[in-house]
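# A structural walkthrough
One letter stands for each residue in the lines below.
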Amino acid sequence: VGALINLAGVQLALGEYEEAESNCRRALELESSSREAVMNLANALRNLGRRNEAVSLVWEHIMSDARSAEEAVEKSERS
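A brief structural summary. Source: prediction; values computed, not measured.

### Re the side chain of Asn-23
As for its placement among the helices and strands, Asn-23 is situated in helix 2 (residues 17-30). Those residues in contact with Asn-23 that sit more than four places away from it in its chain are Leu-4, Leu-7, Ala-8 and Gln-11.

If you want it as structure tokens, here you go:
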């Protein structure tokens, strides 16, 4: 996963946004909670002119993190 994220970062720097998108999506298939992959993917989408998709992606992951945090708090309160 780390290698895919790093490769996508290089591709973003080189302006290879389609390739970066592809590698970020592959990284997220392997590790759906990877914040680095989400942010790289959002940057690739933004650079491809798909700003709304980028914003939705980031918010989806923010909300997922918030739900996970709430579940962890509830679990610790029950223990």
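So that's the structure; there's more coming.
### What to know about the pattern of salt bridges
On inspection of all chains with the given rule, the structure shows 5 salt bridges. Arg-25 serves as the salt-bridge partner of Glu-21, at 3.0 Å between the closest nitrogen and oxygen. Of this pair, Glu-21 and Arg-25 are both found in helix 2, 4 residues apart, which corresponds to roughly one turn of the helix. On the accessibility criterion, Arg-25 (33% relative accessible area) is partly exposed. Across the salt bridge formed by Asp-65 and Arg-35, the nearest N and O atoms sit 3.3 Å from each other. Taken as a pair, Asp-65 in helix 4 (residues 51-78) and Arg-35 in helix 3 (residues 35-47) lie far apart in primary sequence, 30 residues in all. The exposure class assigned to Asp-65 is partly exposed, which follows from its relative accessible area of 34%. Overall, the relative accessible area of 56% leaves Arg-35 in the exposed class.

### Some words on a nonpolar patch on the surface
Together, Val-55, Trp-59, Ile-62 and Met-63 make up a nonpolar patch on the protein surface, roughly 370 Å² of accessible area in all. Residue class for Met-63 comes out partly exposed when judged on its relative accessible area of 41%.

Rules used in this analysis
- Residue positions are counted from 1 within each chain, in the order its sequence is given.
- Residue-level local features of this predicted model are given only where pLDDT is at least 70; pairs of side-chain atoms are given and counted only at 80 or more, and the full residue set underlies all totals for whole chains, interfaces and linings.
- Side-chain figures throughout are based on the complete set of non-hydrogen atoms in the structure, without hydrogens or water.
- Only runs of H or I of at least four residues qualify as helices and only runs of E of at least two qualify as strands under DSSP, and these elements are numbered from the N terminus.
- By definition in these notes, contact holds between two residues if any of their heavy atoms fall within 4.5 Å.
- Here a salt bridge means any side-chain nitrogen of Lys or Arg lying within 4 Å of a carboxyl oxygen belonging to Asp or Glu.
- A 1.4 Å probe rolled over the protein chains alone gives each residue an accessible area, and that area as a share of the maximum for its type sets the label: buried under 20%, exposed over 50%, partly exposed in between.
- Each patch is built from residues that are more than 30% exposed by relative accessible area and take part in no salt bridge. Like charges join if they lie within 9 Å; nonpolar side chains (Val, Leu, Ile, Met, Phe, Trp, Tyr) join within 5 Å.
- A 1.4 Å probe and the Shrake-Rupley method give the accessible areas. Residues count as covered only by the protein chains that appear here.

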